[in-house]
Amino acid sequence: MRLSQFHLRTTKETPADADVASQQLMLRAGMIRKLAVGLYTWSPLGLRVLRKVERIVREEMSAAGAIEMLMPSVQPRELWEETGRWEKFGGQLLKIKDRKDAWYCYGPTHEEVITDFARQELASYKQLPVNFFQIQTKFRDEIRPRFGVMRAREFLMKDAYSFHATDEDLGREYKNMYDTYGRIFTRLGLKFRAVFADTGAIGGSASHEFHVLADSGEDAIAFSTGSDYAANVELAEAVSPGERPAAAEAMRRVDTPTQKTCEDVAALMGITLARTVKSVAMMGTDPENNPRFVLALVRGDHVVNEIKLSKLPGMSEYRLATEAEIRDHLGASPGFLGPVNAARDIFVVADRSVAAMADFVVGANADGYHLAGVNFGRDLPEPALVADIRNAVEGDPSPDGHGTLGIARGIEVGHVFQLGRKYAEAMKCTVLDESGKAITPAMGCYGIGVSRIVAAAIEQNHDANGIIWPDAIAPWQVAVCVINPKNVDAVDEAAQSLYQDLQRAGIDAVLDDRGLRAGQMFADIELIGIPHRIVVSERGLQAGTYEYRHRRASEAEQLDRDAAIARVS
Ligand code: ATP
Ligand code: MG
Ligand code: MG
Ligand code: MG
């Protein structure tokens, strides 16, 4: 590629509304442009990186035996009714209506569609096991889209779904995918960690997340310094004792006198939380500064929640908040800027008499009374006590008895689930076993945030001058920079021939033939993160040298042509 023929548009200024390094640098490098909240256009430069990530994911998935396909992003309501998720999925599901008044959603995930495919395509156990994957656009109406493509509303995901005759075979494929993810993130050149995870709205039994470690990560990861034990603190907060032993233990560890599980909250309130309730968070306002409100934020199955809330002691004090009150209140809570949907997010206010509840900061339910898929700092303002939790955990003995606990920040880039038969059963997907009997296949599902990875890689790899791409996903591995203010033909020719030889050697090279001043050119090449740079200049040619510099090196080196090429390959 010749840069003079490409579309590159960089800026020096840090954009005002970009909060993290990756978002700032992606905008400054001109990789993405914002179209609307959570919607981004990938420029030609950005797309080069996205495609490289995609390619590595695709190659490793294929090598692991998964088969690629492609499903529509728009999905009919009827399918989602079959699994009950049309209502249960909550506010992230973008519902749309066609001209005939038929409802659809823009797919946030594809369990329903793949299970529909499977029930038509799979007839016999002989077709199992099978693992289908796609790399496709998802839409989730995130309560708080932010950090550019890191938490976008429209984003690119690799999602895979496997089908098995037995649980054992599902376990085998789960391990296969777990190992494949390790290979993918290693090839991408990222520092990552696999952790125990909550299964959230997708459901199922076992689950692991893969996190890219970065201080800006929205998730807190508790990990052992003496073993492989690691868990998402979201999970540690999320799981009730007895549900999953390792997680319950982690939760005990992070419990502090001020933190209450929803069970505690429920006990104190004298209510039984419905198991069907999807997610409840009790948000207490500071009783001293604002004694009037206790705000309950209820998301998901609001019918049940309404009933439960009506059983609260002193319920006469409670009423549903008006939307204006909600907005007022949320406006006063820094960090909670998500759009309010009065139809699906219920907010309850109580007055002073129950303000004593203000310190039940955390509580939720679903199956184990837990806060499913809700994170502090992301979906809710981060209360001081979360920091307390982190401090309390750091240095504690690890739940598995090996080493002590540390806390790191992570960006969730992958997630593997053992779904079991939840979807296949709900959607009546069966195959015939050896004896001709209909059996319900066990399913697994495996997601990777392809577009999020681009941002996560930058969070891990940047400096004051810009991005520093791992070689595998750089828009180009090497930039051949031409410095030729006097337009000496020999300089252009030398640069061209070097560029061509690099290409021939299978190296993804770009020729910076824009005729810019050296300073301006180098600033661009550094900003957009090209890992290797070779400068061709008249002075160099006279001395028989090419100036080579790695993006991470402090000094450039004068090398002969072969040595310069050898550095890149
Ligand atoms: P998160 O906890 O960050 O909201 P999730 O657990 O809801 O993610 P999954 O349902 O596990 O996401 O989806 C698989 C992968 O898709 C995630 O691991 C993540 O890398 C990516 N992903 C999810 N939501 C977004 C988003 N809003 N923007 C970009 N990537 C996303
Ligand atoms: Mg998650
Ligand atoms: Mg999510
Ligand atoms: Mg997840």
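Fair warning: this is a prediction, and the values are worked out from it, not measured in the lab.

Our focus in this paragraph is the overall build of the protein. Assigned secondary structure in the protein consists of 18 helices and 27 strands. Once local pairs closer than 6 in sequence are excluded, the contacts in the protein between residues at least 24 apart make up 72%.

Attention shifts here to helix 16 (residues 518-527). For helix 16, the full list of buried residues reads Met521, Phe522, Asp524, Ile525 and Leu527. Contact partners of the buried residues in helix 16: helix 1 (21-28), strand 22 (466-467), strand 23 (478-483), strand 24 (509-512) and strand 25 (532-537). Gly529 occupies a position one or two residues after helix 16 and carries a positive phi of about 80°.

Take the confidence of the model for the protein next. Looking at the protein as a whole, the pLDDT averages 77, with 69% of positions reaching at least 70. This stretch, residues 235-321, has a pLDDT under 50; its non-local contacts, to residues over four places away or in other chains, come to 207 contacts. Confidence drops under a pLDDT of 50 for residues 329-392, and excluding neighbours within four residues, the segment shows 168 contacts in the predicted structure. The ipTM, which scores confidence in the relative placement of chains, is 0.99 for this predicted complex, and the corresponding pTM is 0.77.

Turning to the site of ligand 1, a few remarks are in order. Phe155, His415, Gly447, Gly449 and Arg452 are the nearest of the 18 residues found near ligand 1. For the shell around ligand 1, the secondary-structure elements that each account for two or more residues are strand 8 (154-164), strand 17 (405-420), strand 20 (442-449) and helix 14 (450-460). Per-element tally for the shell around ligand 1: the top contributor is strand 17, with four residues. Split into classes, the residues belonging to the shell around ligand 1 amount to five nonpolar, eight polar and five charged.

Moving on, we get to the environment of Thr10. Relative to the helices and strands, Thr10 is located in the segment before helix 1. Linking Thr10 and Gly30, residues 20 residues apart in sequence, is a C-alpha distance of 5.4 Å. Each residue touching Thr10, except ones within four places of it in the same chain, is listed here: Arg28, Ala29, Gly30, Asp524, Leu527 and Ile528.

Two strands pair when backbone bridges link them, and strand 5 (residues 94-97) and strand 6 (residues 103-106) are joined in this way by four bridges, in the antiparallel orientation. Its bridge partner being in strand 6, Lys95 is matched across the sheet by Cys105. Connecting strand 5 to the antiparallel partner strand 6 that follows it, the hairpin turn spans five residues, and Asp101 within it adopts a positive phi of roughly 70°.

Attention now goes to helix 5 (residues 111-121). Restricting attention to buried positions, one finds in helix 5 the residues Glu111, Glu112, Ile114, Thr115, Asp116 and Ala118. In this structure, the buried side of helix 5 is in contact with strand 4 (74-76), helix 3 (77-83), strand 7 (130-139), strand 8, helix 13 (422-426) and strand 20.

On to the sheet that holds strand 5. What links the strands of a sheet is backbone hydrogen bonding, and the strands pair in either a parallel or an antiparallel sense. Taken in spatial order, the three strands of this open sheet run 4-6-5, and their pairing is antiparallel. Both edges of this open sheet fall to strand 4 and strand 5, since each of them pairs with a single strand only. On average, each strand axis in the sheet is tilted by 40° relative to the strand beside it, whichever way the strands run.

This next bit is on the sheet that holds strand 26 (residues 546-550). Strands sit in the order 24-23-25-26-27 across an open sheet of five strands; the sheet is mixed. The open sheet terminates on both sides in strands that have one partner only, identified here as strand 24 and strand 27 (557-559). Each strand of the sheet is rotated relative to its neighbour by a mean of 25°, with strand direction disregarded. Across four bridges, strand 25 lies against strand 26 in antiparallel orientation. By the bridge assignment, Ile534 is partnered in strand 26 with Tyr548. Helix 16 rests against strand 23, strand 24 and strand 25 of the sheet, and its axis sits at about 170° to strand 23. Lying on the sheet, helix 18 (residues 561-568) is in contact with strand 23, strand 25, strand 26 and strand 27; it crosses strand 26 at an angle near 20°.

Turning next to the environment of Met26. Examined against the element boundaries, Met26 turns out to sit in helix 1. The class of Met26 is buried, set by 30 C-beta atoms lying within 10 Å. Met26 sits 25 residues away from Arg51 along the chain, and the two C-alpha atoms are 15 Å apart. Discounting residues that sit within four places of it in the chain, Met26 has contacts with Met31, Ile32, Gly46, Gly148, Ala455 and Ile458.

Here we take up the nonpolar core. Counting 98 residues, the largest nonpolar core has Val53, Ala456, Val480 and Val536 as the members making the most contacts within it. Each residue touching Val480, except ones within four places of it in the same chain, is listed here: Ala495, Leu498, Tyr499, Ala509, Leu511, Asp512, Ile534 and Val536. Ranked by size, the runner-up nonpolar core spans ten residues in total, among them Phe196, Tyr229, Ala231 and Leu405.

Quick look at the pairing of strand 25 now. For strand 25, the buried fraction is high: six of the six residues fall into the buried class. Side-chain alternation along strand 25 places His532, Ile534 and Val536 on one buried face and Arg533, Val535 and Ser537 on a second face that is also buried. Examined bridge by bridge, strand 23 and strand 25 share six bridges and lie parallel to one another. Each residue of the ladder has a partner; that of Ile483, found in strand 25, is Ser537.

This part covers the packing of helix 2 (residues 44-63) against helix 6 (residues 167-187). Where helix 2 meets helix 6, the axes come as close as 10 Å, and the angle between the chain directions of the two elements is 150°. As judged from the angle between their axes, helix 2 and helix 6 are roughly antiparallel. As helix 2 runs across helix 6, the sense of the crossing is right-handed. Counting all contacts with helix 2, which are made through Ile56, Val57, Glu60 and Met61, the residues of helix 6 involved are Thr180, Arg183, Ile184 and Arg187.

What counts, and at which threshold
Residues numbered from 1 in each chain as written. Chains lettered and ligands numbered in written order. Predicted model: local features only at pLDDT ≥ 70, side-chain atom pairs only at ≥ 80, totals over all residues. Helix = DSSP H or I, 4+ residues; strand = E, 2+ residues; numbered from the N terminus. Contact = placed C-beta atoms within 7 Å. Buried ≥ 20, exposed ≤ 12 C-beta atoms within 10 Å, placed from the backbone. pLDDT = per-residue confidence, 0-100. Near = placed C-beta within 6 Å. Nonpolar A, V, L, I, M, F, W, Y, C, P; charged D, E, K, R; others polar. Pairing = 2+ DSSP bridges. Axes fitted to C-alpha atoms, helices over the stretch in contact; angles between N-to-C directions. Core = buried A, V, L, I, M, F, W, Y, C linked by C-beta atoms within 7 Å. Parallel < 35°, antiparallel > 145°, perpendicular 65-115°, else oblique. Left-handed = near helix turned anticlockwise from the far one by under 90°.

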